Every structure is written in structure tokens, then in C-alpha cells.
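# Close look at the chain arrangement
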Amino acid sequence: WGSNKSTYWVVFELIWRDYFRFFAMKHGNKIFFPHGPSGDAQAQKQEADVLERWRAGRTGAPLIDANMRELLATGWMSNRGRQN
């Protein structure tokens, strides 16, 4: 069993998958709350307009906007979109 760049990235992606799976198991539905698992309102303090532009894909940053519009239209965002 030798390792190379391809196997490195497979392991890397599996580790990320497991991290988020265990994070979700630990925190349950809190990960979907407006203030996240910490409940820290200060971390989420933003202007409503900024948040709405981000949600609608109107930030002015083409890559962010394209990914947010994809998410809004389909309910899904590619792995590349989430990482970049």
C-alpha cells in the first residue's frame, strides 16, 4: 500500500467528512441555529442587508455569488464551491 497525491486527497476528504459527521453528532440541531452550537450572538452580529445580499448571491464577488445562487436554486452546492 503506497501513498501518492491521489491517496492523500482521498484520506483528506474522508477525514473532513468524519470531522463534520462527529461535530454534527456532538452538537445535534444546534449547528443549524442562527448562533451556531456556541449560542454566541456576538459572533453572528451583522447588518441584515449584508446577510441578505450574501444569501441571495449579490455580494459583488462573482465566485461567491455563483455558488450562493446555485445553492438558492437547487438546495445544493458543489464541493469546489464550498472549499473555494
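Before any of the text, the structure's been laid out above.
Source: prediction; values computed, not measured. (Residues numbered from 1 in each chain as written. Predicted model: local features only at pLDDT ≥ 70, side-chain atom pairs only at ≥ 80, totals over all residues. Heavy atoms only, no water.)

### With respect to a nonpolar patch on the surface
Taken together, the side chains of Trp16, Tyr19 and Phe20 make up a nonpolar region of the molecular surface, amounting to roughly 350 Å² of accessible area. Mapped onto the elements, Trp16 comes out in helix H1 (residues 5–27). Classification of Trp16 by relative accessible area gives partly exposed; the value is 39%. (Patch = residues over 30% accessible without salt bridge, like charges linked within 9 Å, V, L, I, M, F, W, Y side chains within 5 Å. Areas by Shrake-Rupley, 256 points an atom, 1.4 Å probe, with all protein chains shown as cover. Salt bridge = Lys/Arg side-chain N within 4 Å of Asp/Glu carboxyl O. Helix = DSSP H or I, 4+ residues; strand = E, 2+ residues; numbered from the N terminus. Buried < 20%, exposed > 50% of the residue type's maximum accessible area, 1.4 Å probe, protein only.)

### Some details on H1
In this model, H1 (23 residues) spans 33 Å end to end at C-alpha, consistent with the 33 Å of a helix rising 1.5 Å per residue. For H1, the N-terminal capping position is held by Asn4, with its side-chain oxygen 2.8 Å away from the main-chain nitrogen of Ser6. At the C-terminal side of H1, Gly28 shows a positive phi close to 60°. (Expected span 1.5 Å × (residues − 1). Polar contact = N/O pair within 3.5 Å; in protein donor to acceptor, adjacent residues only side chain to side chain.)

### Regarding the packing of aromatic side chains
Aromatic rings in a pair are described by how distant their centres are and how their planes are angled relative to each other. Taken as a whole and judged by the stated rule, the model has eight aromatic pairs. Look at Trp16 and Phe20: their rings are 5.3 Å apart centre to centre, the planes differ by 20°, and that puts the pair in the stacked class. With Trp16 and Phe20 both in helix H1 and four residues apart, this pair spans about one turn of that helix. Aromatic side chains Tyr19 and Phe20 sit 4.9 Å apart centroid to centroid with 80° between the ring planes, which places their arrangement in the edge-to-face category. (Phe/Tyr/Trp six-rings, centres within 6.5 Å; stacked < 30°, edge-to-face > 60°.)

### Here's the deal with the pattern of salt bridges
Tallying each qualifying case throughout the model produces two salt bridges. Between Arg17 and Asp18 there is a salt bridge, and its shortest N-O distance comes to 3.1 Å. Two residues, Arg53 and Asp49, come together in a salt bridge whose shortest N-O distance is 3.2 Å. In this pair, Arg53 and Asp49 both sit in helix H2 (residues 48–56), four residues apart, roughly one turn of the helix. Given a relative accessible area of 47%, Asp49 falls into the partly exposed group.

### Looking at the side chain of Asn67
Inspection of the secondary structure puts Asn67 in helix H3 (residues 62–74). Accessibility expressed as a relative area gives 10% for Asn67, which makes it buried. A distance of 2.8 Å separates a polar side-chain atom of Asn67 from the backbone oxygen of Leu63. Apart from residues lying up to four places away in sequence, Asn67 is in contact with Met77, Ser78 and Gly81. (Contact = heavy atoms within 4.5 Å.)

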